[in-house]
Amino acid sequence: MDLGFALPVSGPWSSGESVRLVARRAEALGYSSLWTFQRLLHPLRADWGATYVSVQDPIVTLAHAAALTQRVRLGVAVLNAPYVPPIVLAKQLTTLDELSDGRLDVGLGLGWAAEEFEAVGIPRSERVGRTVETVECLRAIWGPDPVRFEGRYVNVPEAIVQPKPVQQPHPPLLMGGSVPAALERVGRLADGWVSSSRQDLRRVGQDIDTVRTAAERAGRDPGVLRFVVRGVVRLGSEVIDREGRRRLLTGSVDQVQQDLETLGEQGVTEVFVDPNFSPDVVFPSADPAGSLGTALELLEQLAPSIRPGA
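Positions within a chain are numbered from 1, following the residues in the order the chain's sequence is written. Residue-level local features of this predicted model are given only where pLDDT is at least 70; pairs of side-chain atoms are given and counted only at 80 or more, and the full residue set underlies all totals for whole chains, interfaces and linings. Excluding hydrogens and water, the side-chain figures rest on all heavy atoms present in the structure.

Colleague: Would you explain the sheet that holds strand S3 (residues 73–80) in this entry?
Modeller: Hydrogen bonds between backbone groups are what pair the strands of a sheet, and the pairing can be parallel or antiparallel. Should DSSP find at least two bridges between two strands, the strands are regarded as paired. In this text, helices come from DSSP runs of H or I with a minimum length of four residues, and strands from runs of E with a minimum of two, each type numbered from the N-terminal end. One closed barrel accounts for eight strands, arranged S1-S2-S3-S4-S7-S8-S9-S12; its pairing is parallel. Between one strand axis and the next, the sheet turns by 25 degrees as a mean value, whatever way the strands run. In this structure, strand S9 (residues 226–231) lies alongside strand S12 (residues 270–273), joined through four bridges in parallel fashion. Each residue of the ladder has a partner; that of Arg230, found in S12, is Phe272. Two residues form a contact once any of their heavy atoms are found within 4.5 Å. Axis lines are fitted to C-alpha atoms, over the contacting stretch for helices. Their N-to-C directions set the angle, which ranges from 0 to 180 degrees. Running over the sheet, helix H5 (residues 127–141) touches strand S4 (104–109) and strand S7 (173–175) and is turned about 170 degrees from S7.

In structure tokens form, the structure reads like this:
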């Protein structure tokens, strides 16, 4: 199982200097990937949590990280597919894949925030249909020229659309989701699944089985699918869930290492540690240097280069 790390995109620790430091250090320590996520706004009269108050653009941040690194893969978990026309998204992603020499992983989600749908001018009721159509349209755009796509929401007239991605036939398309219908959609359409920050990791094996079963029913090979978990790690203190059990990836370094092994045994192919979802790191009033220091300590303590068996 591979281990990745999230770039500083949220809250006080997010800055150009921090992105440069984390990207270079993570690659040097043997991490396999760097990750970002998307959030467009935070409503004035709502509380989505500190993580979502201030968030950098994920594609721009990954492009910056691409110029700083040579080996690590670059992932976004996730972009909300309905927010942008597929032809625009395809151009951005293709360019990033080209500039990174084929290191891009693309996570796509439906989107959930009514306020963001209002801001981008897309009805929230269309999110499932638009996401499915985006996946289909991206694959058409990344296929042979001339490209032509006709859908319910999207039309691309017959045209040459170049360049094409370095990765062929295209960068891996992962999809998010946690309910059975979403997991089945992943199995039918995507190259893999990426979990949310609130995923119950004690049942991740069951969720993976749901995806694999749906893939088999669709005539696809479940053995080639990837299963990526966002790891909300809390070192030094155990977080207790509603059933009174320790939440996985919390506690001592040894406990977290054992949890990582357990996730691998359940079929997870990659975990990326994400300090952007740690209150100690992203609380708006936190000291930026302290937030960065907390994240860097996590980066060092869980480094693949010092993990047992590495």
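Colleague: Which parts of the structure should I look at to understand unusual backbone geometry?
Modeller: Excluding glycine, a negative phi dihedral is what most residues carry, and trans is how most peptide bonds are arranged. With an omega of 5 degrees, the peptide bond running from Ala77 to Val78 counts as cis. Take Val78: it is sitting in strand S3. A positive phi angle is found at Asp101, which is not glycine, with a value near 60 degrees. Tracing the backbone through its elements, the reader meets Asp101 in the loop between helix H3 (86–99) and S4. The exposure class of Asp101 is exposed, given its relative accessible area of 63%. Partly exposed describes any residue whose relative accessible area lies between the buried limit of under 20% and the exposed limit of over 50%, with all areas from a 1.4 Å probe on protein chains only and scaled to the type maximum.

Colleague: Looking at this structure, I do not really get helix H6 (residues 180–189). What am I missing?
Modeller: When H6 is considered as a whole, its buried residues turn out to be Ala182, Leu183, Arg185, Val186, Gly187 and Leu189. The inward-facing, buried residues of H6 abut H5, S7, strand S8 (192–194) and helix H7 (204–217).

Colleague: Would you mind showing me how to read the pattern of salt bridges here?
Modeller: Side-chain pairs of opposite charge can arise where the charged atoms are in close proximity. Definition used for salt bridges: Asp or Glu carboxyl oxygen within 4 Å of a side-chain nitrogen of Lys or Arg. Enumeration over the complete set of coordinates arrives at 15 salt bridges. A salt bridge links Arg203 to Asp207; its shortest N-O distance comes to 2.9 Å. Under the relative-accessibility criterion, Arg203 is labelled partly exposed at 34%. Residue Asp207 is classed as buried on the basis of its relative accessible area, which comes to 1%.

Colleague: I tried to follow the nonpolar core on my own but got confused; where do I start?
Modeller: Nonpolar side chains in soluble globular proteins tend to end up buried together. In this description, a nonpolar core means a group of buried Ala, Val, Leu, Ile, Met, Phe, Trp, Tyr and Cys residues linked to one another through side-chain atoms lying within 4.5 Å. Judged by nonpolar contacts, the single largest core of 77 residues is most densely connected at Leu7, Tyr31 and Leu108. Among the elements that line this core, the one with the most residues is helix H2 (residues 58–68), at five residues. Excluding residues that lie within four positions of it along the chain, Leu7 makes contacts with Trp13, Val19, Val22, Ala23, Leu34, Trp35, Thr36, Thr61, Leu62, Ala65 and Asn276. Counting residues in hydrophobic clusters, the runner-up holds seven residues, among them Trp35, Ala77, Val194 and Phe272.

Colleague: Before we go on, may I ask you to explain the pairing of strand S5 (residues 147–150) in this structure?
Modeller: Sheet faces and side chains relate simply in a regular strand, where the side chains alternate between the two faces. What you see with S5 is a clean split: Val147 and Phe149 sit on the buried side and Arg148 and Glu150 on the side with no burial. Pairing geometry for S5 and strand S6 (residues 155–159), over three bridges, is antiparallel. Of the residues in S6, the one forming a bridge with Phe149 is Val156. Hairpin connection between S5 and S6: a loop of four residues separates the two successive antiparallel strands.

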